[in-house]
Structures are given as structure tokens and as C-alpha cells.
Amino acid sequence: VVIHANEYSSQIEQLMKYLKATSTDVIDGYLQKEIFMLKIVDIYFVFSEGAKLYFQTEENEYESKRKLYELEELLEKDFVRVNKSTLVNVTKISSMKVEGMGMMQLVMNNETTVLVSRSYLKGLKKRLGIGRDT
């Protein structure tokens, strides 16, 4: 894709990020000693546990060799950060439940749950197009 513009702006930068993110259909995931090419649409969420990062699918948890911030940028078309250590696939969210202390709990299509911290709730609502700020 060639972009012609009078000047480089934040909108051009966002467009470039979007085009880069949409070109990714699969990503490498590791399970024991095998490398699997996971379809991004099959990933429910990405989470870190200790120093390791995992992709949660319907069947398994696959390890990733990447950093969370790299995946956040790479997967920004379909994923949104919901807490310090988790990105969720917005197409896999089934429902949301209000928890105490301003927290929200996401129920995913596979019945797993993910907590949304207060600091990321506004961004999630904006991404989903719900609430007053949309």
C-alpha cells in the first residue's frame, strides 16, 4: 500500500498501524516441543504468568516467545488490553459482569472469565462502542 499525504500525521501513523495489524492471520504458539501456527481468530486471550506469555484457545494454552507490548501492537485490530497482563479478543467476548471496586469481569465464548481493571475499562468500553463516551 502506498500512502500519499502532504505531511506525516497521527492519522497516517494510525492508518499504517491498522494496515500492518490487519495483515496478520496467524501467529506462532509453542506447546511442549512443537510450534503451531495459530489462527488469530481462534485465540480468546493473551495473558502473562510470571515471565511467560500464553495464548488461550478453545483447546490449549500455547506459549509465546514475544513480549506483551509487541502482541498488543501486532493484534490491535481484534484485541484490547483489559489489565496489566491480559489482552482479549473482542470478537470472543460473550458478556460483561460488574464486580466490586469498579472492576468488570468478561465472560468469554468458551466460558472462561477475565478481569478488567478500572484503568483499562474506559478503553474497553470505547472499543466495544458502549457507554456514554462512544
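Re the nonpolar core
So, point 1. Of all hydrophobic cores here, the largest spans 16 residues; its most connected members are Val82, Val88, Leu106 and Met108.
So, point 2. Looking at this core, the elements that each hand over two or more residues are strand S3 (43-49), strand S6 (79-83), strand S9 (104-108), strand S10 (113-116) and helix H3 (118-128).
So, point 3. Here leucine 106 is in contact with Val82, Val88, Ile93, Ser95, Met96, Thr112, Thr113, Val114, Val116 and Leu124, once residues within four sequence places are set aside.
So, point 4. Grouped together as the second largest cluster of nonpolar side chains are 14 residues, Ile40, Phe55, Leu74 and Leu87 included.

So, the sheet that holds S10
So, point 1. Pairing in this open sheet of 3 strands is antiparallel, and the strands run S8-S9-S10 from one edge to the other. Of all strands in the sheet, those with a lone pairing partner are strand S8 (93-98) and S10, marking the two edges. With strand direction ignored, the average angle separating the axes of adjacent strands in the sheet is 25°.
So, point 2. Strand direction decides the pairing type here: S8 and S9, joined by 5 bridges, are antiparallel.

Details of the pattern of salt bridges
So, point 1. Throughout the structure, instances matching the rule amount to 4 salt bridges.
So, point 2. Among the salt bridges present, the one from aspartate 28 reaches arginine 66, with a minimum N-O distance of 3.0 Å. Taken together, the positions of aspartate 28 in strand S1 (residues 26-31) and arginine 66 in the loop between strand S5 (61-64) and helix H2 (68-74) put the pair 38 residues apart, joining distant regions of the chain.
So, point 3. Given the relative accessible area of 16%, aspartate 28 is considered buried.
So, point 4. Residue arginine 81 pairs with glutamate 72 through a salt bridge whose shortest N-O separation is 2.9 Å.
So, point 5. One network of salt bridges, with partners in common, ties together Lys52, Glu63 and Lys65.

Reading guide: rules and limits
Residues numbered from 1 in each chain as written. Predicted model: local features only at pLDDT ≥ 70, side-chain atom pairs only at ≥ 80, totals over all residues. Heavy atoms only, no water. Core = buried A, V, L, I, M, F, W, Y, C linked by side-chain atoms within 4.5 Å. Buried < 20%, exposed > 50% of the residue type's maximum accessible area, 1.4 Å probe, protein only. Helix = DSSP H or I, 4+ residues; strand = E, 2+ residues; numbered from the N terminus. Contact = heavy atoms within 4.5 Å. Pairing = 2+ DSSP bridges. Axes fitted to C-alpha atoms, helices over the stretch in contact; angles between N-to-C directions. Salt bridge = Lys/Arg side-chain N within 4 Å of Asp/Glu carboxyl O.

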